[in-house]
Amino acid sequence: MSLQKLARELDETARQTASMLEGITEALEILAESRLSKDASVHTAVQMIVTALQGQDRIEQRCHNMALAVRQFALLPPTAPDSVYEEIWASLTLDELRVPALSGIAAHQSHGDAELF
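Worth saying up front: this structure is predicted, and the values here are computed from it rather than measured. (Residues numbered from 1 in each chain as written. Predicted model: local features only at pLDDT ≥ 70, side-chain atom pairs only at ≥ 80, totals over all residues. Heavy atoms only, no water.)

**Quick word on the overall build of the protein chain**
Using the following cut-off: Helix numbering and strand numbering both begin at the N terminus, where a helix is a DSSP run of H or I of at least 4 residues and a strand a DSSP run of E of at least 2. Residues are treated as being in contact if the distance between any of their heavy atoms lies within 4.5 Å. Where accessible areas are quoted, they stem from the Shrake-Rupley method and a 1.4 Å probe; at the residue level, only the protein chains shown are allowed to cover.
Helix and strand content of the protein chain: four helices and zero strands. Mapped from its N terminus to its C terminus, the protein chain presents α and β elements in the order α-α-α-α. Expressed as a percentage of contacts within the protein chain between residues at least 6 apart in sequence, the contacts between residues at least 24 apart total 64%. For the protein chain, the accessible surface area stands at approximately 8,200 Å², while carbon and sulfur atoms represent 59% of it.

See the structure below:
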C-alpha cells in the first residue's frame, strides 16, 4: 500500500467516525429535551455518551495528524535520515504520539474499562 493510499484511508476513517456523530447527536438532543432528562440514569447515560464523543474527537484528530505525517513521509527521499522522520512525528499535536511509552497505551491496559485513547 502506498503512503498516499494510507493517508486517504486515514482520512476516510476520520470522516466515517465524524459522520457517526450526527446520529448520536440527534439522540442526545432527544434525550435532553424529553421529560426523561430529569431521570438520573438518563443523565448518567448522557454523560457517558458525551465522554465517548470526546474520545471520538481525539480519534478523528489522531487520524488527521497521522494522515498529515504519512503525506510528509511520502515526500521524503528514500535516503532521508531518521531525524527527519522523528521531526515530523514531533510536529504532531497529540501528546500521546510524541511519547513512545504512551502511544497506544490503551491496548496494553487490562482493567475492564473501555479506553478511548
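**Remarks on the packing of helix H2 (residues 40-75) against helix H3 (residues 82-90)**
Filter applied, for reference: Every axis in this analysis is a line fitted to C-alpha atoms, fitted for helices over the stretch in contact. Angles between the N-to-C directions lie between 0 and 180 degrees. Between 65 and 115 degrees an angle is taken as roughly perpendicular, under 35 as roughly parallel, over 145 as roughly antiparallel, and anywhere else as oblique. It is the rotation of the near helix from the far one that decides the hand of a crossing: anticlockwise by less than a right angle makes it left-handed, clockwise makes it right-handed.
The N-to-C vectors of H2 and H3 enclose an angle of 155 degrees; their axes lie 10 Å apart at closest approach. Between H2 and H3, the angle falls in the class roughly antiparallel. The handedness of the crossing between H2 and H3 is right-handed. Taking contact as the criterion, the partners of Met-66, Ala-69, Gln-72 and Phe-73 in H2 are, on H3, Tyr-85, Ile-88 and Trp-89.

**What to know about the confidence of the model for the protein chain**
Heads up, the condition is: pLDDT measures the predictor's confidence residue by residue and takes values from 0 up to 100.
Predicted confidence across the protein chain gives a mean pLDDT of 77, with 76% of residues reaching 70 or more. When pLDDT is averaged over each helix and strand of the protein chain, the minimum, 50, is found for helix H4 (residues 95-98) and the maximum, 90, for H3. Across residues 105-117, where pLDDT falls below 50, the model places 11 contacts with residues more than four positions away in sequence or in other chains.

**A few points about the packing of aromatic side chains**
Any aromatic ring pair is given by two values, namely how distant the centres are and how the planes are angled relative to each other. Applied cut-off: What counts as a ring pair is set by centres within 6.5 Å for rings of Phe, Tyr and Trp (its six-membered ring), and what kind of pair is set by the plane angle: stacked under 30 degrees, edge-to-face over 60, tilted for all other angles. For every residue, the accessible area (1.4 Å probe, protein chains only) is compared with the maximum for its type, and the residue is labelled buried under 20%, exposed over 50%, or partly exposed between those bounds.
By the definition in use, this model includes two aromatic pairs. Judged by centre distance (5.1 Å) and plane angle (50 degrees), the rings of Phe-73 and Tyr-85 are tilted. Taken together, the residues span a long stretch of sequence, with Phe-73 in helix H2 and Tyr-85 in helix H3 at a distance of 12 residues. Residue classification places Phe-73 among the buried positions, given a relative accessible area of 12%. Looking at Tyr-85, the relative accessible area reads 25%, which means it is partly exposed.

**Brief notes about the pattern of salt bridges**
Put simply, the rule is: Each reported salt bridge corresponds to a side-chain nitrogen of Lys or Arg within 4 Å of a carboxyl oxygen of Asp or Glu.
Inspection of every chain in the model, using the stated rule, returns two salt bridges. For Arg-71, the salt bridge is made with Asp-11, and the minimal N-O distance between the two is 2.5 Å. Of the two residues, Arg-71 is situated in helix H2 and Asp-11 in helix H1 (residues 3-33); the sequence distance between them amounts to 60 residues. A relative accessible area of 29% places Arg-71 in the partly exposed class. By relative accessible area, Asp-11 is classed as partly exposed at 24%. Residue Arg-15 is joined to Glu-12 by a salt bridge in which the shortest nitrogen-to-oxygen separation is 2.6 Å. Taken together, the residues span about one helical turn, with Arg-15 and Glu-12 both in helix H1 at a distance of three residues.

**Some words on the nonpolar core**
Rules: Residues belong to one nonpolar core when they are buried, are Ala, Val, Leu, Ile, Met, Phe, Trp, Tyr or Cys, and are joined through side-chain atoms within 4.5 Å.
The biggest cluster of nonpolar side chains holds six residues, and these are Ala-7, Leu-10, Ala-14, Cys-63, Ala-67 and Val-70. When near neighbours in sequence (up to four residues on either side) are disregarded, Cys-63 contacts Leu-10, Thr-13 and Ala-14. In this structure, Leu-21, Leu-28, Val-42 and Val-46 belong to the second largest nonpolar core, which totals five residues.

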